[in-house]
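Overview (structure and organization)
So you can see what is in the structure, the chains are spelled out below.
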Amino acid sequence: MLSYYFHLAIRSLRHNKVLTGLMVLAIAVGIGASMTTLTVMHLLSGNPLPGKSDVLFYAQVDPNPNGAASRHQEPPDKLDYQSAIDLWSKHNADRQALVVESPVKLSAPDVKRPPSMGMLMSTTADFFTMFDVPFQYGGSWTGEDDARRSRVAVISSELNDRLYGGVNSVGRTLRLRNDDVRIVGVLKPWRPAPQFYDVAGGRFSQGQTADYYAKPEDAFTPFYTGLEVNDGHFEQFNCWDAPKVPGHLMGAGCEWIGLWVELDSKAKVTSYRSFLANYAAQQKALGRISYADNTRLRDLMDWLQFNQVVPSDVRLQAWLALSFLVICLCNTVGLLLVKFLRRSGEIGIRRALGASRRQIFAQCLIEASVIGVFGGAGGWLLTLVGLGLVRRQPVAYADLAHLDVSMFGLTFLLAVLVSAFAGTLPALRASRIAPALQLKTL
Amino acid sequence: MMQIRPILAALRRHRIATFLIALEIALACAVLCNACFLIVNRIHAMHVVSGVDEKSLAYLVLDGYDRGRTNDLNARIIAGLSAIPGVKGVGVLNTIPFGDNSSINGITIDPARQRYSHEINTYIGDAASLRALNLRLVAGRMPTTDDYRSIANGFVPRDSMVLITRSLADSVWPGENPLGKDFWCIDFHFRVIGVVDHLTIPEPESRAAAGRDFSAFVAATPGNEMGGGYVIQADPRELPRVFREVMLAIPKIAPEVVVDHDGSGLLSDLRERYFLNDRAMVGILLGVIAALMLVTALGIVGLASFWVQQRRKQIGIRRAIGATRGDVLRYFQIENFLIVTMGILFGVLLAYTLNLVLMKAYEVTHLPAAYLVTSAIVLWLLGQLAVLGPALRAAAVPPVVATRSV
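Conventions and cut-offs
Residues numbered from 1 in each chain as written. Chains lettered and ligands numbered in written order. Predicted model: local features only at pLDDT ≥ 70, side-chain atom pairs only at ≥ 80, totals over all residues. Heavy atoms only, no water. Helix = DSSP H or I, 4+ residues; strand = E, 2+ residues; numbered from the N terminus. Rg over C-alpha atoms; globule rule 2.2 N^0.38 Å. Contact = heavy atoms within 4.5 Å. Areas by Shrake-Rupley, 256 points an atom, 1.4 Å probe, with all protein chains shown as cover. Lys, Arg positive; Asp, Glu negative; His and termini not counted. Charge placed at Lys NZ, Arg CZ, Asp CG, Glu CD. Buried area = accessible area lost by both parts, 1.4 Å probe. Salt bridge = Lys/Arg side-chain N within 4 Å of Asp/Glu carboxyl O. Polar contact = N/O pair within 3.5 Å; in protein donor to acceptor, adjacent residues only side chain to side chain. Nonpolar A, V, L, I, M, F, W, Y, C, P; charged D, E, K, R; others polar. Buried < 20%, exposed > 50% of the residue type's maximum accessible area, 1.4 Å probe, protein only. Arc of directions from axis to C-beta. Domains from an automatic or database assignment. 1 Å grid on protein atoms, 1.4 Å probe; cavity = no way out; pocket = protein on both sides within 12 Å on 5 of 7 lines; lining within 4 Å. Points joined across faces, edges and corners; volume = space filled by probe spheres on them. Disulfide = S-S within 2.5 Å. Patch = residues over 30% accessible without salt bridge, like charges linked within 9 Å, V, L, I, M, F, W, Y side chains within 5 Å. UniProt positions renumbered as here; feature names shortened; annotations may be inferred. Axes fitted to C-alpha atoms, helices over the stretch in contact; angles between N-to-C directions. Parallel < 35°, antiparallel > 145°, perpendicular 65-115°, else oblique. Pairing = 2+ DSSP bridges.

A few points about the overall build of chain A
Across its full length, chain A holds 14 helices and 12 strands. Taken against the 2.2 N^0.38 rule, which gives 22 Å for 442 residues, the C-alpha radius of gyration of chain A at 30 Å runs more than 25% over that of a compact globule. Taken along its principal axes, the extent of the C-alpha atoms in chain A is 95 × 55 × 35 Å. Looking at chain A alone, contacts between residues at least 24 apart form 76% of all its contacts between residues at least 6 apart. Surface exposure of chain A reaches about 18,900 Å², of which carbon and sulfur atoms provide 57%. Of the charged side chains in chain A, 44 are positive and 37 negative, and the gap between their average positions amounts to 15 Å.

Here it is, written out as structure tokens:
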């Protein structure tokens with residue numbers, strides 16, 4: 001029976017190709033636009049570390065010693081040097097990483113290439129295990145390297161490709177500004193979206209947050225190694241006192257370092273929270289800071305949420321596309337209604353010959369679904385085209401735009417749901433056509 | 001007019017279809033108003049007045065040099081670039097409109113420095129850079145040689161002489177004469193010596209609209225404390241060539257530096273790059289509007305065609321008992337007008353709701369009524385245009401149809 005209805009549907013759709021084409025096109029365009037923008041939303045608002053995000057926390061205290069200078073509803077997005085080192089050196093978490101990013105001049109003494117500017121991440125050894133960073137060659141440095149300020153580095157796969165043609169470069173020398181470091185590890189291609197460990201300051205960005213989706217740094221060194229080789233090139237998040245030497249922020253009245261901690265149980269989270277509070281209270285008693293009760297410990301997803309990482313333009317596009325889909329849906333419902341009611345006579349005869357309402361309904365719904373499948377296929381193609389267009393946009397997240405398996409499935413599901421939804425009302429209406437009235441007018 | 005009642009009676013028999021088209025029009029109206037409003041806002045933002053002589057300026061960003069020898073680099077760059085034929089001036093300037101927001105400072109007019117009231121962007125530069133920018137002074141005076149003082153802590157001079165924009169002056173000292181007034185940032189003191197018409201912050205879209213012109217120009221001698229950013233002035237017609245020669249000359253003048261190609265360029269190119277995303281967004285919005293209009297029009301055509309076909313007999317009867325072709329044509333036109341009007345009335349409510357949502361999430365103001373009126377007119381016209389074809393077909397139905405197959 002179903003195959004017969006299917007056959008009927010194809011015949012009927014062929015009968016008025018223009019109208020059919022219009023309906024398919026409307027669904028395809030609506031789905032294409034919606035799925036393009038929803039895919040981008042999905043990629044940008046996703047969890048960069050699934051399975052691990054709820055044990056990673058970003059620690060904040062308010063280190064400003066200057067009483068009424070600002071409003072202080074929220075602590076600053078980064079820590080000053082003193083607080084960061086105090087908190088880190090207590091080792092009160094399962095794992096912990098200090099993070100600070102700075103621009104650096106990169107070259108390799110044994111490679112003939114002009115120096116280039118890149119980004120340097122000065123961090124501590126736990127960084128790679130905490131954030132599940134994959135290694136291609138070699139591995140991380142050790143805690144001892146952190147303490148000894150060893151001149152070692154881990155480099156990104158991109159830098160490895162660029163400088164060394166992708167071969168195993170462990171043991172070779174990289175020059176950061178004027179100092180040489182030994183490469184101990186090369187990462188596999190690693191592209192967290194967003195670059196979550198560097199996110200800060202979202203609330204001051206007016207929704208212009210596309211740069212949070214930039215690629216990870218080119219080189220990673222132990223914290224103090226980075227501070228030494230790139231001294232004079234660090235940028236503050238904010239200062240309450242001008243640094244004596246520009247770009248040298250150790251001991252200056254500036255917030256510029258992030259602290260991530262891994263806490264594997266609820267109890268540890270609670271105890272770390274009180275550790276932060278106690279630290280702030282103690283520092284206030286010492287007279288170094290003036291706000292003891294202004295500490296935060298947000299988990300990774302809360303921190304991203306707080307920084308509103310999804311750019312406002314992306315959200316706007318998603319809303320536009322969804323309203324467009326609703327309009328296309330209205331349109332399709334209207335056109336299907338027209339199409340079915342046009343055949344009132346035919347339906348009347350079938351009803352008179354014994355077809356039940358249910359059968360008429362099924363037949364109409366199958367016809368609507370056929371349109372949905374074609375529209376869905378078209379929508380899927382348009383989604384690929386749309387994502388291709390996104391990839392050509394001059395934004396940091398452009399290279400991320402692709403259709404993953406779940407979004408691929410969702411596209412088809414959406415197409416079928418949309419068309420079934422669009423078909424239900426007209427099919428119901430058609431199944432309620434009174435046979436007698438129609439037969440009279442033939 | 002007398003036709004309205006029978007039309008309404010007929011529409012009541014097609015409640016679902018009428019409702020669907022009206023809903024489609026309402027949604028289209030809401031999206032159309034707000035999309036147009038967003039487009040106009042974006043275009044407005046893209047045409048921000050920079051206050052500097054954009055067409056004769058280029059900006060060069062260098063990095064990777066030894067900070068201890070900045071003075072030497074500045075001297076080599078200024079001498080080297082000035083020797084290029086066509087270069088009218090080269091100045092050291094920390095940033096440029098549509099460059100990086102490199103220096104954002106909270107300022108206070110409270111000598112005790114307790115309440116910070118404004119967030120401003122500081123342009124810090126030497127005399128040559130100020131000449132190149134060609135700001136329009138509206139009050140006070142330009143800095144004299146004595147006003148260019150040496151920079152402390154790599155920030156600004158301890159006692160800086162500054163030019164501020166008119167909008168900043170009006171906001172900090174409303175109704176007062178800003179000349180000679182003082183403000184502070186941490187323990188740095190600034191004195192206003194002049195007011196300029198406009199000087200946009202480097203990244204205008206990073207700040208709410210009211211603060212996009214909150215800039216100050218700080219007169220300074222760079223010494224060893226500031227460098228790497230150079231503004232180059234040339235005749236607009238020669239500027240592209242001059243800039244190409246600058247890029248070729250850098251490796252000879254300063255082989256140790258790395259040129260930041262993203263941050264360097266003609267000011268017109270920097271402006272274009274900065275607003276690239278906005279331009280893309282305007283394109284997307286226009287595309288959505290076009291697609292929306294097309295879909296809506298096709299929906300109207302489809303439904304109207306069906307109604308015409310369904311009512312062929314009635315039309316024939318009306319024609320037979322004396323209705324003219326014009327009457328039939330007008331019937332469908334009025335019918336369409338009524339449906340579109342219903343849609344628009346509902347759409348106005350939707351548009352305002354959507355506007356309220358947008359106001360929360362984006363920096364938009366109340367939707368001006370003009371957008372609603374324009375959208376309504378556009379949709380009325382679109383409806384009339386879409387219904388014209390089916391209506392003409394209806395008008396062409398001959399009276400003899402009435403006599404068939406009754």
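Having put the structure on the table, let's press on.
What about the interface of chain A and chain B?
Taken together, the contacts link 46 residues of chain A with 49 residues of chain B. In this assembly, chain A packs against chain B so that about 4,100 Å² is buried in total across both faces, 67% of it on carbon and sulfur atoms. The three residues of chain A that bury the most area against chain B are L316, L320 and I327 of chain A, which together make up 14% of that side's buried surface. Summed over the shared surface of chain A and chain B, the number is one salt bridge. Ionic pairing is found between R42 of chain B and D313 of chain A, a salt bridge with its closest N-O pair at 2.6 Å. Between the two partners, chain A and chain B, sit seven residue pairs in polar contact (both at pLDDT 80 or more). Looking at the side of chain A that touches chain B residue by residue, the classes come out as 26 nonpolar, 12 polar and eight charged.

Concerning unusual backbone geometry
Residues and elements named next belong to chain A. The omega torsion of the bond from A193 to P194 falls at -5°, within 30 degrees of zero and hence cis. Along the chain, the position of P194 falls in the loop between β7 (179–187) and β8 (219–222). Backbone geometry places D132, a non-glycine residue, at a positive phi of 50°. Within the secondary structure, D132 sits in the loop between α4 (126–130) and β4 (135–138).

Considerations on the side chain of D278 of chain B
Residues and elements named next belong to chain B. Inspection of the secondary structure puts D278 in helix α8 (residues 276–310). At 3.2 Å, the side chain of D278 and the side chain of R42 are in polar contact. If we ignore the near neighbours within four places in the chain, the residues touching D278 are R42, M46 and E205.

Regarding the side chain of D126 of chain B
Residues and elements named next belong to chain B. Looking at the secondary structure, you find D126 in the loop between β4 (118–125) and α4 (127–133). It is R131 that comes nearest to the buried, bridge-free D126 among opposite-charge side chains, at 7.2 Å. If near-sequence neighbours (up to four positions away) are discounted, D126 is found in contact with I78, G91, V92, Y148, F217, A220 and P222.

A look at helix α9 (residues 312–320) of chain B
Residues and elements named next belong to chain B. Restricting attention to buried positions, one finds in α9 the residues I315, G316 and R319. One side of α9 carries all its buried residues, which in axial view fall inside an arc of 100°. In this structure, the buried side of α9 is in contact with α8, α10 (325–361) and α11 (369–395). With its phi angle positive at about 120°, G322 sits one or two positions after the end of α9.

With respect to the domain arrangement of chain B
Segmentation of chain B into domains returns domain 1 (4–46 + 277–403) and domain 2 (65–256). Just the C-alpha atoms count here: the centres of domain 1 of chain B and domain 2 of chain B sit 54 Å apart.

Remarks on empty space enclosed by the protein
Summed over the entire model, instances satisfying the criterion amount to two cavities of 30 Å³ or more. Taken as a whole, the largest cavity holds about 90 Å³ of empty space. Lining the largest cavity are I21, I300, L303, A304, W307, F332, E335, N336, I339, V340 and V387 of chain B. Among the secondary structure elements, those contributing two or more residues to the lining of the largest cavity are α8 and α10 of chain B. The greatest single-element share of the lining of the largest cavity, amounting to five residues, is contributed by α10 of chain B. Considered as a void within the structure, the second largest cavity measures approximately 50 Å³ in volume. Lining the second largest cavity, in full, are L106, S107, A108, R113, P114, S116, L159, R162 and L163 of chain A. Broken down by secondary-structure element, the contributors of at least two residues to the lining of the second largest cavity are β2 (95–107) and α6 (157–164) of chain A. Looking at which element gives the most residues to the lining of the second largest cavity, the answer is α6 of chain A, with three residues.

Remarks on the state of the cysteines
One way to say it: the disulfide is the covalent bond shared by the sulfur atoms of two cysteines. In the structure shown here, the tally under the stated rule is one disulfide over all chains. For C239 of chain A, the disulfide goes to C254 of chain A, at an S-S distance of 2.0 Å. An S-S torsion of about 95° defines the bridge between C239 of chain A and C254 of chain A as right-handed. Linking C239 of chain A in strand β9 (residues 238–239) with C254 of chain A in strand β10 (residues 254–255), this pair joins segments that are 15 residues apart in sequence. You'll find C239 of chain A and C254 of chain A in the same group, each marked buried. Not engaged in a disulfide, the cysteine C328 of chain A finds its nearest cysteine sulfur in C330 of chain A; these two sulfurs lie 9.5 Å apart. For C33 of chain B, which is in no disulfide, the shortest distance to another cysteine sulfur is to C29 of chain B and amounts to 4.3 Å.

So, a nonpolar patch on the surface
Side chains of V373, F408, F412 and V416 of chain A sit close together on the surface and give an oily, nonpolar patch of about 300 Å² of accessible area. With relative accessibility at 37%, the residue F408 of chain A sits in the partly exposed group.

With respect to the UniProt feature "transmembrane region" (unreviewed entry) in chain B
Residue and element names in this part refer to chain B. UniProt feature "transmembrane region" (unreviewed entry): in the numbering of this structure it lies at residues 280–308, 337–357 and 369–388. The span residues 280–308 is 100% helix and 0% strand, and its two end C-alpha atoms sit 42 Å from each other. Helix makes up 100% of residues 369–388 and strand 0%. Its end C-alpha atoms lie 29 Å apart.

Structural notes on the packing of helix α7 (residues 267–274) of chain B against α8 of chain B
All names here are of chain B. It is the contact of α7 with α8, at a shortest axis distance of 4 Å, that shows an interaxial angle of 50°. The orientation of α7 with respect to α8, classified from their angle, is oblique. Taken together, the residues of α8 that come into contact with α7 (itself represented by E272, R273 and Y274) are L276, D278 and R279. A class-by-class count of the residues in the contact of α7 with α8 yields two nonpolar, no polar and four charged.

What to know about the UniProt feature "domain: ABC3 transporter permease C-terminal" (unreviewed entry) in chain A
UniProt's feature table lists "domain: ABC3 transporter permease C-terminal" (unreviewed entry) at residues 321–435 of chain A, given in the numbering used throughout. Split by type, residues 321–435 of chain A is 82% helix and 0% strand. Its first and last C-alpha atoms lie 41 Å apart.

A closer look at the layout of surface pockets
Gaps left between atoms are located by rolling a probe of water-molecule size over the structure's atoms. The space that makes up the second largest pocket amounts to roughly 1,900 Å³. Lining the second largest pocket are 50 residues, with L341, S344 and Q438 of chain A together with F306 and Q310 of chain B sitting closest to its centre. When grouped by side-chain class, the residues that make up the lining of the second largest pocket number 21 nonpolar, 14 polar and 15 charged.

Comments concerning the pairing of strand β11 (residues 258–262) of chain A
All names here are of chain A. Of all five residues in β11, five are buried, a share of seventy percent or more. Along β11, one buried face is formed by G258, W260 and E262 and the opposite face, lined by L259 and V261, is buried too. Pairing geometry for strand β1 (residues 56–60) and β11, over three bridges, is antiparallel. Bridged to Y58 within β11 is W260. The pairing of β2 with β11 spans five bridges and is classified as antiparallel.

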